[in-house]
Structure formats: C-alpha cells, structure tokens
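Summary of structural features
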Amino acid sequence: MLNFDETRFLGIQSGAVALAGDIDQFVGESLRQGITNIHIVGTGGVAILLQPAVQLLRRLSTFPVFSDSVSETMAAGSANLNAGSLVFLVSLSGTTKESVAFLDFAKARGAKVATLVGHADTPLGRGADRAFVNFAADDTSSESFYIQSLLIALSVLGHRGELGALGSFASLVDGMQALPRSLLAIKQAIEPKAADFAQIIAGSDWHIFVGAGNVWPQAYYYAMCILEEMQWIRTRPVHASDFFHGTLELVEKGVSVILFKGEDDCRALADRVERFVPKVEGDLTVLDTADYPTPDLSPTLRALLAPALLATLLERISAHLEKLRNHPLTTRRYYRRVEY
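Residues numbered from 1 in each chain as written. Predicted model: local features only at pLDDT ≥ 70, side-chain atom pairs only at ≥ 80, totals over all residues. Heavy atoms only, no water.

Moving on, we come to the nonpolar core. Grouped together as the largest cluster of nonpolar side chains are 86 residues, with contacts concentrated most on Phe88, Tyr222, Phe260, Leu287 and Ile317. Counting residues per element, this core draws most heavily on helix 14 (residues 299-324), at 12 residues. Excluding residues that lie within four positions of it along the chain, Tyr222 makes contacts with Ile201, Phe209, Leu227, Phe260, Leu314, Ile317, Ser318 and Leu321. Membership of the second largest hydrophobic core comes to 16 residues, among which are Ile208, Ala240, Phe243 and Val277. (Core = buried A, V, L, I, M, F, W, Y, C linked by side-chain atoms within 4.5 Å. Buried < 20%, exposed > 50% of the residue type's maximum accessible area, 1.4 Å probe, protein only. Helix = DSSP H or I, 4+ residues; strand = E, 2+ residues; numbered from the N terminus. Contact = heavy atoms within 4.5 Å.)

Printed below as a string of structure tokens:
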C-alpha cells in the first residue's frame, strides 16, 4: 500500500484497544466516588472525533454528558462543570493551547480530569489526574481516538447497567480484539480503488459532504480537517437531515456530493440523500462501510465502529490524494505557523 507502515498501524490500534481495562477501572472508580456528570471534550478536529461516543451515551444513558467547546466554556462558563464532574480531555500532541488552558480551568472548578494523549511528557500528560497514553500520528489518530472514546462510553453504560442489547462490556471488548486486523483488511480492500476516489476529490473545486448518525462526525471531520486544513479544498459539510432544508438548492449538474454511509439506525437518512442527488444530476459519490465486510467483527461492533471503519478507508484515499495533487498532508500556511 502507498506510504503505509503496517506494523506501526497495527501497533497503534492494538494499543488503543488495550486501554480498555484501565479505562473501565477508572470509570468505575469515578462513578463509585459519586461523580454527577461527564464532559468528553477536546479542541478542533479531535473534538469532532469524540462525538460518536457522546451521541451513544446521550441515546442510551440518563447520566448527564457534555461536549461543549472548551473555548466557549472558558469564555462563557458552565454550571455543569464543577466538583462533581469527570472530564475526559483529548489531545494527540498533549500540547494544544486551548486544551492546556482548559485543563487548568476545569481543575480550578474542582473537576477530576483524565486525558487521552499520544505523549506522556506533555502538559496534558503531566497535569491530568489520570493520563491514558497511546502514541499515534495524524494518519492513525482518528481510529485510535474513535476506539478510546467508544471504550469510555461503553464503560459508563456497562457500570450503569445501560448497555442493553449491546451485550456486556467484557464481550464487546473481547470482540474488539479483532479490530486492528479488520481495519488493516479494509485498507487492503480499498487500496485498488483509492486513487479513483482521490481523483474525484481532486477533480472539483468544492464538495458537499453528507452523513448521518455516528458517521456524520467523520463527514464533518474529513471535510474540515483533512480537505480544508491539509489540502486547501473548499467543502460544505451538512448533516443528512439538514440537507433537505437548504443545501439541496446548491445541487445541480456538476456539483460534487460525497455521501458517507454507516450501519446504525440513521442509515435511512443517508439513503434519502442518495436517492435525491442523481435526480437533479448532481455528481454523487458514496463511501459505504457496508461495502467492506469484516468477518471477525459482529454486526453490533461494526455499527458502533463505523466511524473508525470510514476513517481507515479515508486514510488510504488521502494518501493517494496528496500524491495526486503534489500537496503533502503536512503542508500548512497558518496552523501552528503564525500567531492567531
């Protein structure tokens, strides 16, 4: 595969899954100590990656969970951030300016703060009440954080007896042992087609990205953090349920609409967009996790992990896109280059 280190990838994703026991123990202890709410937060793209886990908790649990912008919370305050709060603060570098400031902000209000970081010897690694460390790089971090944040959500649900038909935390984690190899198999499956997908993205000045359910955050993340930040390609991310309340009027012949489909109960919302766009001659491209089977993952886990499945597919497309456009994903004009 193009510009891909299999050993490194498997090690990073296996490392994320291996945090299950420590995360579960920490969450259980915190609940027994009487926390009254949970905040799962980060800055920029990583905050988007946390949304499927937040969504799962909000749908299955009555326990209060918050995911407000850390910058807005510091500017405007929050009555829900207090001595009863458990904060999971996420940053790959462990040095993100806004998140470092929020660590102090949350602790000053008495909150217990755990961090998910890629490097221990950083402000967020050193300053947290508990740091969960799993090294990753930009091309491997999306799957890693999807896994880790899902483990947090499943642990909360498990300790509160709210997992229901999903099963038990132990059984779900047992099933996730196959995930790193399954992700690798998905990469191998899309590799022969990745250059064609990249050509579609390179072939237009702007794109409408659409998704629903737990893959909507991946549509938003890929549009903003990969194409806009790393490739300087204009995008319009829109949720499938909002597509028909404004954005549909932009679709005509030659307009690129890229639709992400997952495997949860919101898939029907994506189906509606898929039916409509060809009727008005829009250029529709669909990336559907269901097209990439993983025999070692249960349907339940596939539905929960669809954002990670999409992220791993898109990494292969991005690898070909940067080569096709002669624009490395690491190139920036402003981000961490100038003061802002």
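Put simply, helix 1 (residues 6-18) and helix 10 (residues 179-202) touch, their axes get as near as 9 Å, and they point 140° apart. As judged from the angle between their axes, helix 1 and helix 10 are oblique. In the crossing of helix 1 with helix 10, the sense of the turn from one axis to the other is right-handed. Mapping the contact onto sequence places Glu6, Phe9, Leu10, Gln13, Ser14 and Val17 in helix 1 and Pro180, Arg181, Leu183, Leu184, Lys187 and Gln188 in helix 10. (Axes fitted to C-alpha atoms, helices over the stretch in contact; angles between N-to-C directions. Parallel < 35°, antiparallel > 145°, perpendicular 65-115°, else oblique. Left-handed = near helix turned anticlockwise from the far one by under 90°.)

It is worth spelling out the packing of aromatic side chains at this point. Applying the stated criterion to the full structure yields 11 aromatic pairs. Taken together, a centroid distance of 5.6 Å and an interplanar angle of 55° make the contact between Phe4 and Phe9 tilted. Residues Phe243 and Phe244 carry aromatic rings whose centres are separated by 5.1 Å and whose planes lie at 80° to one another, so their mutual orientation is edge-to-face. Each of the two residues, Phe243 as well as Phe244, counts as buried. Counting every residue linked through ring pairs, the aromatic cluster contains Phe26, Phe88 and Phe132. Here Lys187 stacks its cationic end above the ring of Phe9, 4.8 Å away from the centre of that ring. (Phe/Tyr/Trp six-rings, centres within 6.5 Å; stacked < 30°, edge-to-face > 60°. Lys NZ or Arg CZ within 6 Å of the ring centre and 35° of its normal.)

This brings us to the sheet that holds strand 7 (residues 234-239). If you walk across this open sheet you meet the 4 strands as 7-6-8-9, and the pairing is parallel. Pairing within the sheet leaves two strands with one partner each, and these edge strands are strand 7 and strand 9 (283-288). For this sheet the average axis-to-axis angle between neighbouring strands, irrespective of direction, equals 20°. Relative to strand 9, strand 8 (residues 256-261) is paired through 6 bridges, and the arrangement is parallel. What sits directly across from Phe260, in strand 9, is Leu287. Sitting on the sheet, helix 10 touches strand 6 (206-211), strand 8 and strand 9, and the angle it makes with strand 9 is about 145°. Its contacts with the sheet place helix 11 (residues 216-231) against strand 6, strand 7 and strand 8, and it is angled at close to 170° to strand 7. (Pairing = 2+ DSSP bridges.)

Counting through the fold element by element, Ser93 comes out in the loop between strand 3 (85-91) and helix 6 (97-108). When the C-alpha atoms of Ser93 and His119 are compared, they prove to be 6.4 Å apart, with 26 residues separating the residues in sequence. Residues within four places of Ser93 in sequence aside, it is in contact with His119, Thr122 and Arg336. At 2.9 Å, the side chain of Ser93 forms a polar contact with the side chain of Thr95. (Polar contact = N/O pair within 3.5 Å; in protein donor to acceptor, adjacent residues only side chain to side chain.)

What follows concerns the environment of Asp291. Mapped onto the fold, Asp291 is located in the loop between strand 9 and helix 14. Overall, the relative accessible area of 52% leaves Asp291 in the exposed class. Sequence separation between Asp291 and Leu314 is 23 residues, and the spatial gap between their C-alpha atoms is 14 Å.

A contiguous nonpolar patch, built from Tyr334, Tyr335, Val338 and Tyr340 and spanning about 470 Å² of accessible area, is present on the exposed surface. Residue position: Tyr340 is located in the segment after helix 14. (Patch = residues over 30% accessible without salt bridge, like charges linked within 9 Å, V, L, I, M, F, W, Y side chains within 5 Å. Areas by Shrake-Rupley, 256 points an atom, 1.4 Å probe, with all protein chains shown as cover. Salt bridge = Lys/Arg side-chain N within 4 Å of Asp/Glu carboxyl O.)

This next bit is on the pattern of salt bridges. The full count for this structure, using the stated rule, is 14 salt bridges. With a closest N to O distance of 3.8 Å, Glu6 and Arg181 form a salt bridge. Taken as a pair, Glu6 in helix 1 and Arg181 in helix 10 lie far apart in primary sequence, 175 residues in all. Residue classification places Glu6 among the partly exposed positions, given a relative accessible area of 35%. Of the charged contacts in the structure, one is a salt bridge between Arg8 and Asp139, with a shortest N-O distance of 2.6 Å. With Arg8 in helix 1 and Asp139 in helix 8 (residues 138-159), this residue pair connects regions lying 131 residues apart in the sequence. Since its relative accessible area comes to 29%, Arg8 is described here as partly exposed. When salt bridges that share partners are traced, they join Glu143, Lys187, Glu191, Glu315 and Arg316 into one network.

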